[in-house]
Amino acid sequence: MQTRSILARFCGCYHVCTPLRSNPDRIGRAYTVISQEGDLTLIKTIMYATSQGALVRSRHPIKVNGIAQWLWERIYITDVQNVGHPNARLQSIALYPPALPSTPFLTGMLMTSNNALTRPIYSMPIVFKRLPGRIPQKADLAACGVFSRDDPRLDPEMMALLDAGASPR
C-alpha cells in the first residue's frame, strides 16, 4: 500500500519527450496518463511516428501500456508497445521524482531495443512534464508527434533536461 500512496501523487496527464534513436536531431513527444486501479499504478501512452501537424487521418497512434512501481526514491515503469504483434517491444524506464513537489518534471532514462532484425539494446534520456488537470484533453494529444530539436513548440525546460541527459537536479 505504501507504493500505491506514494505513486498517487504522480497520477495525471503528461507530455513525454525523448530524442529519436533513428535521428537525434528529432524529438518525439507522446501523451501519457498515469492512473491507479486497485493496487496497480497504470501507464497508458499514445505516440505518433509522424510530424506534429500532419493530417489527422495519416497519423496512426502507437499505444503503449505498462505499470509503475516505487522503489526507494525512484519510479520504475515497465511497459510494452504493440502487444500481440511481431514487432512488440518491452521498455524499462527509471524516473527520478523532483526534489520539490511543485516541479512539473519527472526525469530519467528509458531502455529498450530496436524492432529491426539486429535488435540492439539502447538507452536514452526521457522527460515527463505534468499537464494541467487530471482529465485528458484533445489539444494535448494533438500536440504530440515528431519535431525538429529546435522547434519552438517544444518546451525549452524539457529540452534542457533532455540535453542534460535527464539526470535528477
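Scroll up to find the structure.
Reference entry: report on the structure contained in this document.

Rules and cut-offs
- Residues numbered from 1 in each chain as written.
- Predicted model: local features only at pLDDT ≥ 70, side-chain atom pairs only at ≥ 80, totals over all residues.
- Heavy atoms only, no water.
- Helix = DSSP H or I, 4+ residues; strand = E, 2+ residues; numbered from the N terminus.
- Polar contact = N/O pair within 3.5 Å; in protein donor to acceptor, adjacent residues only side chain to side chain.
- Phe/Tyr/Trp six-rings, centres within 6.5 Å; stacked < 30°, edge-to-face > 60°.
- Buried < 20%, exposed > 50% of the residue type's maximum accessible area, 1.4 Å probe, protein only.
- Lys NZ or Arg CZ within 6 Å of the ring centre and 35° of its normal.
- Core = buried A, V, L, I, M, F, W, Y, C linked by side-chain atoms within 4.5 Å.
- Contact = heavy atoms within 4.5 Å.
- Patch = residues over 30% accessible without salt bridge, like charges linked within 9 Å, V, L, I, M, F, W, Y side chains within 5 Å.
- Areas by Shrake-Rupley, 256 points an atom, 1.4 Å probe, with all protein chains shown as cover.
- Salt bridge = Lys/Arg side-chain N within 4 Å of Asp/Glu carboxyl O.

A few points about the side chain of Thr 32
Thinking step 1. Mapped onto the elements, Thr 32 comes out in strand β2 (residues 26-37).
Thinking step 2. Among the polar contacts listed, one links the side chain of Thr 32 to the side chain of Thr 45, at a separation of 2.8 Å.

Brief notes about the packing of aromatic side chains
Thinking step 1. According to the stated counting rule, one finds 2 aromatic pairs in the structure shown.
Thinking step 2. Relative to Trp 70, the ring of Phe 10 has its centre 6.2 Å away and its plane inclined at 20 degrees; by these criteria the two rings are stacked. Placement of Phe 10 in the loop between α1 (2-8) and β1 (12-19) and of Trp 70 in strand β4 (residues 61-71) is noted, with a sequence separation of 60 residues between them. Each member of the pair, Phe 10 together with Trp 70, is buried.
Thinking step 3. Consider the rings of Tyr 14 and Phe 128, whose centres lie 5.8 Å apart with planes at 75 degrees: the pair is edge-to-face. One end of the pair, Tyr 14, is in strand β1; the other, Phe 128, is in strand β8 (residues 121-130), with 114 residues separating them in the sequence. No difference in accessibility class separates Tyr 14 from Phe 128, as the two residues are buried.
Thinking step 4. It is Arg 9 that lies over the ring of Trp 70; its NZ or CZ is 5.8 Å from the centre.

Structural notes on the nonpolar core
Thinking step 1. Counting residues in hydrophobic clusters, the biggest one holds 20 residues, and the most contacted among them are Phe 10, Ile 75, Ile 77, Leu 95 and Phe 128.
Thinking step 2. When contributions to this core are tallied by element, the ones reaching two or more residues are α1, β1, β4, β5 (74-81), β6 (89-96), β7 (105-113) and β8.
Thinking step 3. Once residues lying within four places of it in the same chain are set aside, the contact partners of Leu 95 are Arg 74, Ile 75, Ile 77, Leu 106, Thr 107, Gly 108, Ile 126 and Phe 128.

A closer look at a nonpolar patch on the surface
Thinking step 1. On the surface, a nonpolar cluster with roughly 380 Å² of combined accessible area is contributed by Leu 71, Trp 72 and Tyr 76.
Thinking step 2. Tracing the backbone through its elements, the reader meets Trp 72 in the loop between β4 and β5.

A short note on the environment of Gly 12
Thinking step 1. Mapped onto the secondary structure, Gly 12 falls in strand β1.
Thinking step 2. A sequence separation of 119 residues divides Gly 12 from Leu 131, and the C-alpha atoms of the two residues are 7.5 Å apart.
Thinking step 3. Setting aside residues up to four positions removed in sequence, Gly 12 forms contacts with Thr 32, Val 33, Ile 34 and Arg 130.

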